[in-house]
Structures are given as structure tokens and as C-alpha cells.
Amino acid sequence: MQRRFLPVLWACTLLLFSMQAAAQAQPASYVVAPFQVNGPAGFSYLEKAIPPMLTSRLFWQGKFEPVAGQDAALQGTAPKGKDAADKLRATHKADYVVWGSVTVLGDEASLDVSVMDDKGKVWQRASKSAVNNLIGGLQSTADAINSDVFGRPVAAAAQPGSSGRAVAPMNPDFVVNESDAGAVYLNPQIRYQGVDTDRLRSQMLDFESHGMAVADIDGDGKNEVLLLDSMNLYAYRWENGRLVKLAEYRLPSMIEPLLVRTVKQSGRVLIVLTGFDNSSNDPLSSILTFAGGKFEPVVARAQYFLNVASLPPLYEPTIIGQGGERSRIVRGPVFEMSVQGDRLVKGANVPNLPKEANVFNFTWIPGNERSGGDYLAVLGDQENLLTFDGKGKRLAKSDDKFSGSGVGIPFDMTMPGMGPSTDSSNQTYYIPMRMVAQDLDKDGRTELLINKPISAAAMIFHNYRTYPQGEIQALLWDGIGMDLLWKTRRIKGTVADLVVADVDNDGVLDLAVNVNSYPGSLGVGKIRTLVTLYPLNTDATQPVPAARDFDN
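Bear in mind that the values here come from a model prediction, so they are computed numbers and not experimental data.

Draft legend 1. Representation of the pattern of salt bridges. Summed over all chains, the structure comprises 15 salt bridges. A salt bridge links Asp206 to Lys526, with the shortest nitrogen-to-oxygen separation between them at 3.6 Å. Here Lys526 lies in the loop between β33 (510-516) and β34 (529-535) and Asp206 lies in the loop between β8 (200-201) and β9 (211-215), a separation of 320 residues in the sequence. We classify Asp206 as exposed; its relative accessible area is 55%. Residues joined in a network through salt bridges with shared partners are Asp218, Asp220, Glu224 and Arg237.

Written as C-alpha cells, this is what we have:
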């Protein structure tokens, strides 16, 4: 009897320990409620925009994670007090609930955040910041919650303007400090460019690319690569150094595609396709999703030019749109848009845009305490880089030209009733290539990544759009203009697009560059495309100072 009892006792003991271990392995959960907004109606979007920002900043894998119904929680209204917040916590079976309010008064924003656990213990924090630095206030609040409530260690941020020099660039194929004469190769007068050592190339694909996007479009936790040509949208996954095709979407015959972007809205990734009607040149765009191995239209036809931009003060990626006009390409203001059912719905106009900005050509650069606020980078009609302050006042214009996109919209410059023009010059508006604003070296200052095409012929002929080489440059505002921080070594071919993402799903951020092959000076060679990855070792990078620091 005793021999039979002991194995049963041991089995029960092991089961108890395994149940305890499983319980300990379960991460604590939290739900973030919509925020109450006190201020002008133009800031009402903060009610649903702040929670996703906090949700991502509080995420601690395996320790503290949002509830599965976080998106559903945002469909309600902001809790009026502790009891309503606790009810929301109980509804979603969360261990913690986060709620609060934001008050906008002039150029200042006050953020009040409360956190309550399932035992009723409340933690509160209030902070103030400039409206254009609200994202910084959110970050400091999230850091405080992580540290004080969740017990998570928060790393100290690098100080802007640090005098430390880089131990090594983020990638060996980046050129930094070109004027540094400390390193000599063969002769002090020879500038050594080096050779490719740490970049990855996909195989050549048999089409000319119009653009690229990288996102987890199917929700499986791994990024996919979208490539667009003149007739199709392709989905790939990077596997063992190759792009493996997952699906293909044939575009309607009347659409001339211009660009592809992705944005997350209501828990799903939307694929934004922008183009124009090839019979009338009117805007014609669509919104897709990707599920079950195939593309599905959500909004089949939208008569707007569309793009995705990260807008201040939260810098959340947002769909933006603008109307079209045959003689001027675009018409009217740039406005925010959202998908509701199978429709695109117009929202508020994007504020503080100068007259030179349109739906295609601008990128906001987040400011910091030393820079004096946010900045706006705009690619002008002649592809010079224009810099504006947060109120739309122009600060600088570059001598160099950037972008070099070969994708454009034809337009008619003749007066109505005068018939078509016979002058073919300057009748194509080339869509400015994506500019990426990101603080890669973690020094508190945001770099602007931009393509600089290199071609003698392109300096003379406006419509010469196939370049033998180019380079990606990282620029930094120094108070006078955009200063070169680093650049890639020369890239052979025509750059079609660039993104910063973990393309090969190895946990390391990549600078991904989509390159079309150069068809030769006569343009008779077949153009094909590939994707080049520069893995970014940001952990080993110390701040690299620009030639001049901010002086305003």
C-alpha cells in the first residue's frame, strides 16, 4: 500500500510545482484606457493616439504585456475616475489599468497619468512639456511607470551634444569623418573609401521597382517585404539571404502606381497604394490588407493622392491625403485620413505646412530641448532640401539635390482651351523619395536619411532619371543647415527606396535600400531590382558629433 502511495504523492508534488512554475511564467497584464483631452478641438485625436504610444513603451516581454483586448478598450471613452478605470481593468481581466488626461494650453501640454493594480493601489504622475515635445513627456512618464510600478531598469539616455567619438560606425560600409586625416591609406592625399564588408544583397528580381515597404503584414510576428512595379505588388519574405515570394497582386489596368506604404490602424496593418488614372491623370489610390497568403482590397478606389507620415506631437504614422489637379498635380490642403469600413474618411488638415509642402514631399524631424523644437524637411520642386521650423518658417535651402526618384506624374502646363503643349520639358513631377527621420545613434538628435543620386548627366537633363550610382546620407540640423553626419559607400545603380526595419527578422535593425540596376548611358539594358541590407549595430555606437552643434 505504501509503495503505491509514494509514486502518487510524488506525482501530485510535481504537478503542484509545475502549476506554480506556469503561474510564475505568466506575465502581468495591463490595459491602457482612452485619455481625456482638455484643449482645442484640433487635439481631440490625442484621446485615441496617446494609449498606443504608452502601450508600446510599457511593453516588457515576458514580464508586463498588454491585454489581448487592448484595441477593443480604445473603442470606449476615457474613464471619469478611479471606479470607472477599475471597471475597465476588471472587464479586460488585467492586473493593471492605466488612464489619464492631457491638457493643451497654448504651446504647453500637461500630462496626468494614473496606474492602479488589482488591489486598488494607485500610482500617479504629472508632467509638463511643450506641445511639440509631447512625445518626450510620454517617454519620461513611461520610463517612470516602468521603473516605479513594474520595477523595470531604465537605461540612461545619451546626452545630446556628447563629445564622445564613435568607437565604430553602425555598419562598416558607412563613411564617417571624411575629412579626418588621422588614418592614412598608401598616401595622405588618397581618400580611402574601403570595400563592402558587412552588407547583404538579395538576388536580382526580373522587374524595375517603383518602391518598397517593410512590415508584418500578416500578423505572424515576422516582417515581410513589399515591392511595387508598374503593374504588380509583390510580397516577399527574407530567408537565407534571398527574397522568397509569398504572393502577387495585379493592379487594375487603369492605375499607374507611384508608391507603397504601410500603417497600423485598429490592430491591423493597412497597405497604402497610391497612383493615378492613366487616362486622366486624376488621383486613384487603394487600401489593401494581407491575410491567408493573399492581398484583399479594403478601399478599392480612392480619388486622393495618399501617403503615410509621422506627425507631431506624437509622431504616430498616419494616412494623409490631398486632392489632385491636372495643371498643378495637387490641389488644396494636406489632411489626415482614416479607414472606416470600406471608406476613407477625411480628418483635420495637417497644420503648419508651408506652401512648398505637399502630400508626397515632407518629413517632420522631432526636436529636443537643445534644437528649439521640431523641424520640417521638404524636397522642393528642383529637389533641393528645404528646412522649416515648426511654424512653417523657412530656415535653409541646400545646394545639393536629393531624391532622384524615377516615378512621376505627367501634367499639362497649358491654359484651358489652348490645346496640348508641344514642349515636353518639365512636364513630369517626379514623386520625392521617402526620407526617414530616426535617432539611430541614440544621442537624442534625430538624423534624416535621404538618397543622393550621383550622375553628371542628371545635372544637365531634368528628365534623366536612371543613375549609375548613389549614396544614402544621414543629415543633422546644426542650426545653420543640414550637415552630413555619415553616408553609405557608393551604391551602384539607381536607388528606388529606403526604409529602416528588421528586414531579415534576426532582431537587428537594418537600413534597407531598394536598388534598380543601371541600364547603361544609352538606356538600352534591361532594368532589374534587388534589396541591399546594412545591419545597424546601434548598441556599439556612441554619439558622433556633427561639425557644429545647435546654436539656437
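Draft legend 2. Geometry of the sheet that holds strand β32 (residues 494-501). A sheet is described by the order of its strands in space; here 4 strands give the open sequence β8-β34-β33-β32, paired in antiparallel fashion. Among the strands making up the open sheet, the edge pair consists of β8 and β32. Relative to β34, β8 runs antiparallel, the two being bridged by 2 bridges. From the neighbouring strand, Leu200 faces β34, where its bridge partner is Leu533.

Draft legend 3. Summary view of the pairing of strand β15 (residues 285-291). Among the 7 residues in β15, 6 count as buried, and that is most of the element. Of the pairings in the sheet, the one linking strand β14 (residues 268-277) to β15 comprises 3 bridges and is antiparallel in character. Residue Ile271 lies in a different strand from β15, and its bridge partner there is Leu288. Bridge count for β15 against strand β16 (residues 294-302) is 6 bridges, and the pairing is antiparallel. Within the sheet, the bridge partner assigned to Phe290 lies in β16 and is Phe295. Connecting β15 to the antiparallel partner β16 that follows it, the hairpin turn spans 2 residues, and Gly292 within it adopts a positive phi of roughly 60 degrees.

Draft legend 4. The arrangement of the packing of aromatic side chains in detail. As enumerated under the stated definition, the model contains 12 aromatic pairs in all. Look at Phe64 and Tyr96: their rings are 6.0 Å apart centre to centre, the planes differ by 65 degrees, and that puts the pair in the edge-to-face class. With Phe64 in strand β3 (residues 64-66) and Tyr96 in strand β4 (residues 96-105), the pair connects residues that are 32 residues apart, well separated along the chain. The pair formed by Phe64 and Tyr96 is uniform in burial state, with each residue classed as buried. Ring centres 4.6 Å apart and planes at 20 degrees place the aromatic pair Phe207 and Tyr234 in the stacked group. On the criterion of sequence distance, the pair formed by Phe207 in the loop between β8 and β9 and Tyr234 in strand β11 (residues 232-239) is long-range, its members being 27 residues apart.

Draft legend 5. Local environment of the environment of Leu74. Structurally, Leu74 is set in the loop between α3 (70-73) and α4 (82-91). What makes Leu74 buried here is its relative accessible area of 11%. On a C-alpha basis, the gap between Leu74 and Val32 in space is 8.0 Å, while along the polypeptide they are 42 residues apart. Setting aside residues no more than four positions away along its own chain, Leu74 makes contact with Val32, Ala33, Pro34, Lys48, Pro51 and Pro52.

Draft legend 6. Expanded view of the side chain of Ser517. For Ser517, the position within the fold is in the loop between β33 and β34. For Ser517, a relative accessible area of 17% puts it in the buried group. Beyond its immediate sequence surroundings of up to four residues, Ser517 is in contact with Met204, Lys526, Ile527 and Arg528.

Draft legend 7. Molecular detail of the nonpolar core. With 55 residues, the main nonpolar core has Ile50, Phe305, Phe360 and Phe362 as its most contacted residues. Both domains that furnish three or more residues to this core are identified here as domain 1 (28-150) and domain 2 (188-413 + 427-535). Not counting the four nearest positions on each side in its chain, Phe360 is found in contact with Leu258, Leu259, Thr274, Phe305, Leu306, Asn307, Val330, Ile409, Tyr429, Ile431 and Pro432. If you look at the next biggest cluster of nonpolar residues, it comprises 20 residues, including Ala474, Leu498, Val513 and Leu536.

Draft legend 8. Main features of helix α2 (residues 46-58). End to end, α2 covers 18 Å across 13 residues, agreeing with the expected 18 Å (1.5 Å per residue, within 8%). Taken as a whole, α2 has its buried residues at Leu46, Ala49, Ile50, Pro51, Met53, Leu54, Thr55 and Leu58.

Draft legend 9. Molecular detail of α4. The set of residues buried in α4 consists of Ala85, Leu88 and Arg89. The arc that holds the buried residues of α4, viewed along the axis, is 100 degrees, so those residues lie on one side. Exposed residues pointing more than 90 degrees away from the buried face of α4 are listed as Asp83, Lys87 and Thr91. Its buried side turned inward, α4 meets β1 (28-32), α3, β4 and β5 (108-117). Phi turns positive one or two residues past the end of α4, at Lys93, with a value near 55 degrees.

Draft legend 10. Fine view of the confidence of the model for the protein. When pLDDT is averaged along the protein, the result is 82, and 80% of the positions lie at 70 or above. Confidence drops under pLDDT 50 across residues 415-426; counting only partners more than four residues distant or on other chains, this segment forms 11 contacts. Between residues 542-552, whose pLDDT stays under 50, and residues either more than four places distant or in other chains, the model counts 46 contacts.

Draft legend 11. Structural detail: the packing of α2 against helix α5 (residues 134-148). The geometry of α2 relative to α5 is characterised by a closest axis approach of 10 Å and an angle of 45 degrees between their N-to-C directions. Our classification of the angle between α2 and α5 gives oblique. Considering only the axes of α2 and α5, their crossing is right-handed. Of the residues in α5, those touching α2 at Leu46, Ile50, Met53, Leu54, Arg57 and Leu58 are Leu134, Ile135, Leu138, Gln139, Ala142, Ile145 and Asn146. In the contact of α2 with α5, the residues fall into 10 nonpolar, 2 polar and 1 charged.

The rules we used
- All residue numbers refer to position in the chain's written sequence, counted from 1.
- Confidence filtering applies because this is a predicted model: local features only for residues at pLDDT of at least 70, side-chain atom pairs given and counted only at 80 or more, and all residues used for totals across whole chains, interfaces and linings.
- Side-chain calculation: all heavy atoms of the structure are included, whereas hydrogens and water are not.
- Take a side-chain nitrogen of Lys or Arg and a carboxyl oxygen of Asp or Glu: if they are within 4 Å of each other, that pair is a salt bridge.
- Helix and strand definitions here come from DSSP, where helices need a minimum of 4 consecutive H or I residues and strands a minimum of 2 consecutive E residues; each element is numbered from the N-terminal end.
- Only protein chains enter the calculation, and the probe is 1.4 Å; a residue is then buried if its accessible area is under 20% of its type maximum, exposed if over 50%, and partly exposed in between.
- Note on pairing: two strands pair once DSSP finds at least 2 bridges between them.
- Stacked, edge-to-face and tilted labels apply to pairs of Phe, Tyr and Trp rings (six-membered ring for Trp) whose centres lie within 6.5 Å, assigned for plane angles under 30 degrees, over 60, and everything in between, in that order.
- Whether two residues touch is decided by their heavy atoms; if any such pair falls within 4.5 Å, the residues are in contact.
- Here, nonpolar core refers to any group of buried Ala, Val, Leu, Ile, Met, Phe, Trp, Tyr and Cys residues whose side-chain atoms link them within 4.5 Å.
- Where each domain starts and ends comes from a domain assignment, either automatic or drawn from a database.
- An expected span of 1.5 Å times one less than the residue number is assigned to each helix.
- As used here, the arc is the angular range of directions from the helix axis to the C-beta atoms.
- pLDDT measures the predictor's confidence residue by residue and takes values from 0 up to 100.
- All axes are obtained by fitting lines to C-alpha atoms, using only the stretch in contact for helices, and the reported angles, taken between N-to-C directions, cover 0 to 180 degrees.
- Here roughly perpendicular refers to angles of 65 to 115 degrees, roughly parallel to angles under 35, roughly antiparallel to angles over 145, and oblique to all remaining angles.
- A crossing counts as left-handed when the near helix is turned anticlockwise from the far one by less than a right angle, and as right-handed when that turn is clockwise.
- By the convention adopted, Pro, Cys, Tyr, Trp, Phe, Met, Ile, Leu, Val and Ala count as nonpolar, Lys, Arg, Asp and Glu as charged, and the other residues, Gly among them, as polar.

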